[in-house]
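Here are the chains, one letter per residue:
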Amino acid sequence: MIRPVFLLLTLSLTLILSTVSCTNGAVPESPKLASPAPTPIPIPTKFYSQTMPATPLPAPTPLVNTEEITSPINENVGKVVHDTLPVEKSSEKIFVKFPLTILDREEKPLTFTEPPERIVVYDAAAVETIFAIGQGHRIIGTHSWVSYPEESEKIEKVGDAFNMDIERIVALDPDLVFLFYPTFKQELEKAGLKVLLLESVDDDLRKMANTFRIWGQITNAPNEAELLAKDFENRVMQIESILAPYDSGPSVFQDVGDLWTPGDNTLMGSVFNLLKLQNISHDVANYGQLSPEVIIDRNPQILISSNPDSIYQNSAFQELLPVKNNSIFKSNDDYLSISGPRFILGVEELALEFYPGLFK
Amino acid sequence: MSDNSTRELVSIYKYPWTHIITGIFIAFICTVVAVAIGSVYIPVTSVITIIFSKLDVFQQQEQISSSWHTIIWNIRFPRVVLALLVGASLGISGATYQGLFKNPLADPYLIGVASGASLGATIVFLTGVPFTYGYFSFLPLASFCGGLAAVCLAYLISIKSGDTQLSTLLLAGIAIGAFATAITGILMLSSDPDLRPLLSWLMGGFIRAQWSHSILIIPYMTIGIIFILGYSRVLNTMQLEEYYSESLGVDVEKAKRVLIISATLMTAVAVSFSGLIGFVGLVAPHVVRLLWGTDYRTILPLSGIAGATFLVIADLAARTVVSPVELPVGIITALVGSPFFVYLLLKAKRRAGNGY
């Protein structure tokens, strides 16, 4: 009487077990296992060589009208209040004058009488930045998805990116809490903590240089930050100047999973603009799930995906050039998913991949 | 109970053929419209040419661009067919559950299929298995197994507590569902930040539709439909007290078992390819009941047709309203379905005759 049910149950359990055992690991037990393993790659990057099919890229057409290249630093991005003249330049060394006033995301001033010694940094990109300018010792708390650089593993985790142990943060008694999204701002401020949110770089990668500089000022390491920011700007400018003679490059579609794709006003959108790749989802607001019909119709010459197999095996996409050529580019999420100092390496990887003749 | 109405209840083959044929015709028209319209404009004549050229009826006359060919034949058409099949599965199994539990709130996900399927999908998703291995895809398989396992567990619990008390089954299903949802939540919170693909799967939709999905659904659906339609008279008698059904010579326990297994199989396989699409399985049977009465020989087939038509139209809206971006189809089904449902409820209340 209950035999068929037992049969079904055992059948499905076996199938589940076999499915799970087919995987390369068990169910993630701890957040550390699930987060991507950090691959510390020293600057300058060694690019891996990948054989590109000879045909897919059309030779870029030389620009007829000289295009004016705007300065990589947008002057309006400057968020430091200069009425107290916090930065003084003397013989190329920069000094920061405290008290220092910083404008946060809502343009509200936040004053530091001295560099904060104990910072809870709730943002992977900011952790990377602060370590990159040699001020990592100031960080006393992060969230559990932060895994780079290696030293950051030892720092106490006070929650994952979307859940915050506010009691624990208060117990750590930080001078400053840095957040990348405003959800817990009020609660933390009510607990008497100083909370900082900086202007988001989610729509333009060039804003990163300014973020680096602000961190340099807050942590009183302006020269290191200036080096980092200049290096970033030089790398951006180099890409710009190499591509300056060309009108436009190939068309691109980035699949971040299940055909979700970034539009023009996103960080990746600004990367595509920099690389003169024509984003076929330029008319998508922020991120959206692009209709497969539209992908076929707009026929991208380059496909970037975090999971190329899902596209290779979709029978609808067999006619797309990158599928035919077996050349879907697997994006480096270690670099391109964190808007910190390593982000530009991911951008350079894309440049090398898609313009193999121009970059080396 | 008079002799006549007994005969009426158990007489074979009194299906409402005119309704069914009309319904299939309407569903066919909607299918044609859904294939003709999409986020990329393709002239209707070309659509027809493409489909007939595949069917080898006519020799292809004009030259049609191969991208149009791909769009119609590999994206739009399989998608519409999958929506039809999933809609029919959800409609029929929703009607079955409502009849079985004598509960107007029952839907195909009632006894844990949805939560089990979500848990299965989440496990596959977060363990980072490649979703597909050759032509074989893990995501649907895992969600299918998860859904089935949850229901089997609920069923075993209800057996342990005596004969299959439907209320026990219901409560066990809800408990297991809540447990599975909790595990899913734990897994999702303790994992990699980018959950967008998983969330969009959970919301449901047909963006991944391929011909192979429809081919895999059809056998389960056929078996499910044959069994459920075969038991539609029994479902009628089960609306009475069990005592009466047994006195009519119905093996109620066996009927329950067959109906639960068939409906669950149909739901699980539909969920595994389309994700969790709400509202279709709940509303379709009610619409049919409000319009055409309470005989399960009418409700079951017409719920299938209504569910299929509704889902095809909802998917058409999902992929065209904010083109080139897609909306989750569940948003459309709830947005369009609920006002229509409320309208029917109010109308039925005014007539106040058929149990609402």
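Small disclaimer: the values here were computed from a predicted structure and weren't measured.

Draft legend 1. Quick look at the overall build of chain B. Per the secondary structure count, chain B includes 15 helices and two strands. Among the 356 residues that make up chain B, the fraction classed as buried is 57%. Across chain B, every contact between residues at least 6 apart in sequence was considered, and the portion connecting residues at least 24 apart equals 75%. Per element, the accessible surface of chain B, about 15300 Å² overall, is 70% carbon and sulfur.

Draft legend 2. Spatial organisation of the pairing of strand S4 (residues 109-112) of chain A. All names here are of chain A. Side chains of S4 alternate between two faces, with Leu110 and Phe112 buried and Pro109 and Thr111 left unburied. Bridge analysis of strand S3 (residues 100-103) against S4 gives four bridges, and the strand direction is antiparallel. Bridge pairing in S4 places Thr101 opposite Thr111. Hairpin connection, S3 to S4: the antiparallel pair is bridged by five residues, and Glu107 has positive phi, about 65°.

Draft legend 3. Spatial organisation of the pairing of strand S5 (residues 119-122) of chain A. All names here are of chain A. Residue alternation in S5 divides its side chains into two sets, Ile119 and Val121 and Val120 and Tyr122, and both sets are buried. Sheet analysis places S5 next to strand S6 (residues 139-141), joined by two bridges and oriented parallel. Bridge pairing in S6 links Ile119 to Ile139. This β-α-β element, S5 to helix H3 (residues 124-132) to S6, shows right-handed connectivity. The pairing of S5 with strand S7 (residues 176-179) spans four bridges and is parallel. In the sheet register, Ile119 faces S7, and the bridge partner there is Leu176.

Draft legend 4. Local environment of the pattern of salt bridges. In this structure the tally under the stated criterion is 24 salt bridges over all chains. Ionic pairing is found between Glu348 of chain A and Arg235 of chain A, a salt bridge with its closest N-O pair at 2.8 Å. In this pair, Glu348 of chain A sits in helix H13 (residues 343-354) while Arg235 of chain A sits in helix H7 (residues 222-243), placing the two residues 113 residues apart along the sequence. A salt bridge links Arg298 of chain A to Asp283 of chain A; the nearest nitrogen and oxygen atoms lie 3.0 Å apart. With a gap of 15 residues between them, Arg298 of chain A in helix H9 (residues 292-298) and Asp283 of chain A in the loop between strand S11 (278-279) and strand S12 (287-289) connect regions that are remote in the sequence. In this structure Arg298 of chain A comes out as partly exposed when scored by relative accessible area, which is 29%. In this structure, a network of salt bridges that share partners links the residues Glu293 of chain A together with Arg76, Arg79, Asp315, Arg319 and Glu326 of chain B.

Draft legend 5. Quick look at the packing of aromatic side chains. All names here are of chain A. One pass over the full model with this rule turns up 11 aromatic pairs over all chains. Note on Phe180 and Tyr181: the rings are 4.8 Å apart at their centroids and 65° apart in plane angle, and the pair reads as edge-to-face. Residue Tyr181 is classed as buried on the basis of its relative accessible area of 13%. Here the aromatic rings of Tyr181 and Phe184 are separated by 6.5 Å at their centres, their planes lie at 75°, and the arrangement is edge-to-face. In this structure Phe184 comes out as buried when scored by relative accessible area, which is 17%. Among the aromatic residues, those joined into a ring-pair cluster are Phe180, Tyr181 and Phe184. A cation over an aromatic ring shows up here: Arg342 above the ring of Tyr148, its NZ or CZ 3.5 Å from the ring centre.

Draft legend 6. View of the side chain of Gln254 of chain A. All names here are of chain A. Along the chain, the position of Gln254 falls in strand S9 (residues 251-255). Given the relative accessible area of 5%, Gln254 is considered buried. Other than its neighbours up to four places away in sequence, Gln254 contacts Trp260, Thr261, Pro262, Met268, Phe272, Ile304 and Ser331.

Draft legend 7. Representation of the nonpolar core. Ranked by internal contacts, the top residues of the largest apolar core, which has 117 residues, are Phe317 of chain A together with Phe101, Ile111 and Phe206 of chain B. Beyond its immediate stretch of four places on either side in the chain, Ile111 of chain B contacts Tyr97, Phe101, Val151, Ala154, Leu169, Leu170, Gly173 and Ile260 of chain B. If you look at the next biggest cluster of nonpolar residues, it comprises 58 residues, including Leu110, Val121, Ile218 and Leu274 of chain A.

Draft legend 8. Representation of the domain arrangement of chain A within the structure. Residue and element names in this part refer to chain A. The domain boundaries assigned to chain A delineate domain 1 (103-200) and domain 2 (245-354). Taken residue by residue, the interface counts six residues in domain 1 and five residues in domain 2. Summing the contributions of domain 1 and of domain 2, the shared interface buries around 460 Å²; its carbon and sulfur component is 65%. Of all residues in domain 1, the largest losses of buried area upon contact with domain 2 belong to Ala125, Glu128 and Tyr148, amounting jointly to 76% of the total for that side. Here domain 1 is connected to domain 2 by one salt bridge. Residues Glu128 and Arg342 are paired through a salt bridge, measuring 3.0 Å at the closest nitrogen-oxygen approach. Our count for the domain 1 to domain 2 interface comes out at one residue pair in polar contact (both at pLDDT 80 or more). Residue composition of the side of domain 1 that touches domain 2, grouped by class: four nonpolar, one polar and one charged.

Draft legend 9. A look at a nonpolar patch on the surface. Residues and elements named next belong to chain B. Together, Phe25, Phe28, Ile29, Val32, Val33 and Ile37 give the surface a local cluster of nonpolar side chains, amounting to about 540 Å² of exposed area. Summarising the element assignment, Ile29 is placed in helix H2 (residues 17-36). Note on Ile29: relative accessible area 39%, which makes it partly exposed.

Draft legend 10. Representation of the sheet that holds strand S14 (residues 329-330) of chain A. All names here are of chain A. Taken in spatial order, the four strands line up as S11-S9-S13-S14 in an open sheet, and their pairing is parallel. The open sheet terminates on both sides in strands that have one partner only, identified here as S11 and S14. Pairing of S9 with strand S13 (residues 302-305), which is carried by four bridges, proceeds in the parallel orientation. Each bridged residue has a counterpart across the sheet, and for Asp255 the counterpart in S13 is Ser305.

Draft legend 11. View of the environment of Ala306 of chain B. Residue and element names in this part refer to chain B. In this structure, Ala306 sits in helix H14 (residues 296-320). Since its relative accessible area comes to 25%, Ala306 is described here as partly exposed. Discounting residues that sit within four places of it in the chain, Ala306 has contacts with Ala284 and Val288.

Analysis parameters
- Residue positions are given per chain, counting from 1 as you read along its sequence in written order.
- Chains carry letters from A onward and ligands carry numbers from 1 onward, assigned in written order.
- Confidence filtering applies because this is a predicted model: local features only for residues at pLDDT of at least 70, side-chain atom pairs given and counted only at 80 or more, and all residues used for totals across whole chains, interfaces and linings.
- Neither water nor hydrogens contribute to the side-chain values; these are computed over all heavy atoms in the structure.
- Helix and strand definitions here come from DSSP, where helices need a minimum of 4 consecutive H or I residues and strands a minimum of 2 consecutive E residues; each element is numbered from the N-terminal end.
- Under the scheme applied here, a residue whose accessible area is under 20% of the maximum for its type counts as buried, over 50% as exposed, and between as partly exposed, the area being computed with a 1.4 Å probe on protein chains only.
- A contact between two residues is defined here by any heavy atoms of the two lying within 4.5 Å.
- Exposure was quantified through the Shrake-Rupley algorithm and a 1.4 Å probe, taking into account, for residues, occlusion by the shown protein chains and nothing else.
- Between any two strands, pairing holds if DSSP finds at least two bridges.
- The handedness of a crossover follows from its direction of travel: if, with the strands pointing away from the viewer, the path from the first strand over the helix to the second runs clockwise, the crossover is right-handed.
- When a carboxyl oxygen of Asp or Glu is within 4 Å of a side-chain nitrogen of Lys or Arg, the pair counts as a salt bridge.
- Any two of the Phe, Tyr and Trp rings considered here, Trp counted by its six-membered ring, make a pair once their centres fall within 6.5 Å; the pair's planes then place it as stacked at under 30 degrees, edge-to-face at over 60, or tilted in between.
- Criterion for a charge above a ring: Arg CZ or Lys NZ at most 6 Å from the ring centre, at most 35 degrees from the ring normal.
- The criterion is simple. A nonpolar core is a set of buried Ala, Val, Leu, Ile, Met, Phe, Trp, Tyr and Cys residues joined through side-chain atoms within 4.5 Å.
- Note that domain bounds follow an automatic or database assignment of domains.
- Two parts placed together each lose some accessible area under a 1.4 Å probe, and the buried area is that loss summed for both.
- Whenever a nitrogen or oxygen atom comes within 3.5 Å of another N or O atom, the pair is scored as a polar contact, on the condition that within protein one atom can donate a hydrogen and the other can accept it, and that pairs from neighbouring residues in sequence are kept only if both atoms are in side chains.
- Note on residue categories: nonpolar means Ala, Val, Leu, Ile, Met, Phe, Trp, Tyr, Cys or Pro, charged means Asp, Glu, Lys or Arg, and polar means any other residue, Gly included.
- Within the patch definition used here, like charges are joined within 9 Å and nonpolar side chains (Val, Leu, Ile, Met, Phe, Trp, Tyr) within 5 Å, considering only residues with over 30% relative accessible area and no salt bridge.

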